[in-house]
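Results of the structural survey
Residue-level listing of the chains:
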Amino acid sequence: MLQAIRDQRQKREIERQAGGWRDEKAKCAADILHWFDNWVHTYDPRLVGKPGGAYVPFKLWPRQREFVLWLIERIQAEEEGLAEKSRDVGATYLTGGVALHQWQFNPGFKATFGSRKVDYVDKKDNPDSIFAKIRIMARRQPAELMPEGFSWAQHDNYMRLVNPETGSVISGEGGDDMGRGGRSSLYVVDEAAFVPNAEAVEKALSGNTDCVIWVSSVNGMGNLFARKRHSILKPHQVFRLHWRDDPRKTEEWAQAKKGSFADPTTWPSEYEIDYSASVEGICIPALWVESAKRLSALEPGLRASNAGVLGLDVGAGKAKSVAIPRMGPVVSVPRSRGDPDTIGTAWWALEAALETGCGALNFDAPGVGAGVSSALMHRDDDPEKAKRFDALEVLPVNTGVPPSEREWPDGRTSLEMFGNLKAEVWWLCRTALQRTHEHVAFLEGREGGVEHPVTDLLALPSGDRDSDELCHQMSLVKWGRNERGKIVIEKKEALARRGISSPDHADALMLTFVDPPAVPRAAVFLPKRLRKR
């Protein structure tokens, strides 16, 4: 009798536990972030012998959580994506973890990982290979979450992990064989910027899957990864994982790491995600841009001025129009508009200027900008609307005209230094960002720090797509000298030859540096409230 009671209790306990695991499995299937936070581990050999050991629970940082959800969105949309990253931000564990989650809970799912060398994908006893990291995450899962009937001896093979319950597969390829192994739900190209013959790989992948994710640290501009990042993919298809997203990393860590490299291009390319690190003649270094992104958090004396100006780069065809407000040393979040209707763009920009508290609107007048000029010329046709913008100063700008007579600290004028107005305004922005970089180094107590007046600095926004696009574009454009020895800025045709599309966000910001006296009166004529300049 007592034994029967014990057996009944044991049976109920087993059923209770089984029911609990069924609920947990369902929760993991529905919420990938819950699964990561509770059941996924990574391996760090640097922690061997230390408290807690080398196997670490994968507690995602906020930016990593965003990346996981971004990757799931690309899978569900069956859409290509690109992830640019610093070294040591966990990108391989993140992509491998997403693939493992889908393998466990999404029947029929197939993920494939490819790299330029087979050994990088799977090599026995190499914990740095992609499959080794996936196995680490899978082996530390509770048995109750693993597929029914799964056996490591039977279902884990070289570059192939099979789910016997659902038929899902994780496979691997390397070298010239990438893209040849049949169709996939997700294909991750690891360190894509370093893959030789990447165009051939892309062609092979076109028949494999619609969801190719190119993941890499950067390797200059002369590769398919860079062209996809800057000219082919849309902003929502690009994700950035920077070392500053890691809450464990500090400025002290960065300085020590930077000082450990003999090659000065290693740090900016592999950690700062600077595509131009090895490109000579870049007008605004990416390190200066990174400093400008941090300025707002570091400088308590930073204040937006009341005299704001909105820069408008007018888009044509598929290119967006971009409006960027700058209030003295503070640049606000850019706005973009895909509608090519220039009349609508004109009213949109006027509204944006008022909403952001700007008293002036500077727009590029040549080319498609002429349509905006025409719309603004006739704004008095709608007196009700025109009254709202009566106090707004609108300035059509042609950056191809000669520079102003501005005097620089060395005594030279802009007319002596620059080939045109475009070069002058880019140099004004460059100077502000150089001072910002020096000032941030001063605030952080780093070598080379110089204190500057806050009004001479420039704080850039970040964290949203348009702001990040602005910051990316700032460090792509080169400068040089013309036949008369004057500074000029790289033309769009030259940028296109380097695989870079028009930097419309950066150009919009540069327009905010145009002062009314800097534009010759004969440049553009507009009636009434649109004053001649």
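Residues numbered from 1 in each chain as written. Predicted model: local features only at pLDDT ≥ 70, side-chain atom pairs only at ≥ 80, totals over all residues. Heavy atoms only, no water.

Bringing the state of the cysteines into the picture now. Using the criterion set out here, one finds zero disulfides in the structure. Free cysteine: Cys358, not disulfide-bonded; nearest cysteine sulfur from Cys429 at 16 Å. Summary of cysteine pairing: Cys429 is not part of a disulfide, and the nearest cysteine sulfur, belonging to Cys283, is at 8.0 Å. According to the relative accessible area criterion, Cys429 is buried, its value standing at 0%. (Disulfide = S-S within 2.5 Å. Buried < 20%, exposed > 50% of the residue type's maximum accessible area, 1.4 Å probe, protein only.)

Opposite charge on two side chains permits them to pair, given that their charged atoms come into close proximity. Overall, the coordinates contain 34 salt bridges when judged by the stated rule. Here Arg63 ties to Asp245 by a salt bridge, and the two come within 4.0 Å at their closest N and O atoms. Linking Arg63 in helix α3 (residues 62-77) with Asp245 in the loop between β10 (238-241) and α10 (251-259), this pair joins segments that are 182 residues apart in sequence. Given the relative accessible area of 25%, Asp245 is considered partly exposed. Arg446 is the salt-bridge partner of Glu444, the closest N and O atoms lying 2.7 Å from each other. Like Glu444, the residue Arg446 is buried in the burial classification. What emerges from the salt-bridge pattern is a single network uniting Glu84, Arg229, Arg240, Glu290, Lys293 and Glu469. (Salt bridge = Lys/Arg side-chain N within 4 Å of Asp/Glu carboxyl O. Helix = DSSP H or I, 4+ residues; strand = E, 2+ residues; numbered from the N terminus.)

Here we come to the packing of helix α12 (residues 286-298) against helix α17 (residues 421-443). Orientation of α12 relative to α17, taken along the N-to-C sense of each, is 60°, at an axis distance of 8 Å. When the axis of α12 is compared with that of α17, the two are oblique. Where α12 crosses over α17, the handedness of that crossing is left-handed. Along its contact with α12, which presents Leu287, Trp288, Ser291, Ala292, Arg294, Leu295 and Leu298, the element α17 presents Arg430, Leu433, Gln434, Thr436, His437, His439, Val440 and Leu443. Here the residues of the contact of α12 with α17 sort into eight nonpolar, five polar and two charged. (Axes fitted to C-alpha atoms, helices over the stretch in contact; angles between N-to-C directions. Parallel < 35°, antiparallel > 145°, perpendicular 65-115°, else oblique. Left-handed = near helix turned anticlockwise from the far one by under 90°. Contact = heavy atoms within 4.5 Å. Nonpolar A, V, L, I, M, F, W, Y, C, P; charged D, E, K, R; others polar.)

Glancing now at empty space enclosed by the protein. Counting across every chain of the model gives four cavities of 30 Å³ or more. Estimated volume of the largest cavity: approximately 130 Å³. Forming the walls of the largest cavity are 16 residues, and the residues nearest its centre are Arg240, Ile273, Ala286, Cys471 and His472. The residue inventory of the lining of the largest cavity, partitioned by class, reads six nonpolar, four polar and six charged. (1 Å grid on protein atoms, 1.4 Å probe; cavity = no way out; pocket = protein on both sides within 12 Å on 5 of 7 lines; lining within 4 Å. Points joined across faces, edges and corners; volume = space filled by probe spheres on them.)

A separate point is the nonpolar core. Within the largest apolar cluster, 62 residues are counted, with the highest numbers of intra-cluster contacts made by Ile284, Leu460 and Met474. Top element by residues in this core is α17. It accounts for nine residues. Beyond its immediate sequence surroundings of up to four residues, Leu460 is in contact with Val289, Ala292, Lys293, Val331, Leu433, Leu470, Cys471, Met474 and Leu509. Phe113, Met146, Leu161 and Val215 belong to the second-largest nonpolar core, a separate cluster that totals 48 residues. (Core = buried A, V, L, I, M, F, W, Y, C linked by side-chain atoms within 4.5 Å.)

You can see Arg74 is positioned in helix α3. Polar side-chain contacts of Arg74 include one of 2.9 Å to the side chain of Glu79. When sequence neighbours within four positions are dropped, the list of residues in contact with Arg74 reads Glu79, Glu80, Gly81, Cys211, Ile213 and His236. (Polar contact = N/O pair within 3.5 Å; in protein donor to acceptor, adjacent residues only side chain to side chain.)

Of all residues in the protein chain, 90% attain a pLDDT of 70 or more, and the chain-wide mean is 87. A low-confidence stretch, residues 11-15 (pLDDT under 50), is modelled with zero contacts involving residues beyond four sequence positions or located in other chains. Counting contacts from residues 518-533, a segment whose pLDDT is below 50, to residues more than four positions away or on other chains yields 37 contacts. (pLDDT = per-residue confidence, 0-100.)

Its location among the elements puts Arg116 in the loop between β4 (110-115) and α5 (118-121). Linking Arg116 and Gly149, residues 33 residues apart in sequence, is a C-alpha distance of 34 Å. Ignoring any residue separated from it by four or fewer positions in sequence, one finds Arg116 in contact with Gly175, Met178, Glu191, Phe194, Val195 and Pro196.

Read across the open sheet, the eight strands follow the order β5-β6-β7-β4-β8-β9-β3-β10; overall the sheet is mixed. Bordering the open sheet on either side are β5 (156-157) and β10, each of which pairs with just one other strand. Sheet topology note: the β4/strand β7 (residues 169-174) ladder contains six bridges and is parallel. Looking at β7, one finds that Phe113 is bridged to Gly172. Here helix α9 (residues 224-232) sits on the sheet in contact with β3 (81-85), β9 (212-216) and β10, set at roughly 110° to β3. (Pairing = 2+ DSSP bridges.)

Turning our attention to the packing of aromatic side chains. The final tally for this structure, using the stated rule, is 19 aromatic pairs. Measuring from ring centre to ring centre gives 5.4 Å for Trp243 and Trp253, while their planes differ by 50°; the resulting arrangement is tilted. Taken together, the positions of Trp243 in the loop between β10 and α10 and Trp253 in helix α10 put the pair ten residues apart, joining distant regions of the chain. Given a relative accessible area of 25%, Trp253 falls into the partly exposed group. Taken together, a centroid distance of 6.0 Å and an interplanar angle of 55° make the contact between Trp253 and Trp267 tilted. (Phe/Tyr/Trp six-rings, centres within 6.5 Å; stacked < 30°, edge-to-face > 60°.)

Moving on, we get to the packing of α3 against helix α4 (residues 91-105). Orientation of α3 relative to α4, taken along the N-to-C sense of each, is 50°, at an axis distance of 10 Å. Taken together, α3 and α4 sit at an angle that is classed as oblique. Once α3 is placed against α4, the crossing between them reads as right-handed. Of the residues in α4, those touching α3 at Gln64, Phe67, Val68, Leu71, Ile72 and Ile75 are Leu94, Thr95, Val98 and Gln102.

Turning our eyes to something else, we now look at α3. Taking 1.5 Å of rise per residue, the 16 residues of α3 would be expected to cover 22 Å, and the 23 Å separating its terminal C-alpha atoms lies within 8% of that figure. Taken residue by residue, α3 has Arg63, Gln64, Phe67, Val68, Trp70, Leu71, Ile72, Arg74 and Ile75 as its buried positions. Where the residues of α3 are buried, they touch α2 (32-39), β3, α4, β8 (186-190), β9 and β10. Glu78 sits one or two positions beyond α3 and adopts a positive phi of about 50°. (Expected span 1.5 Å × (residues − 1).)

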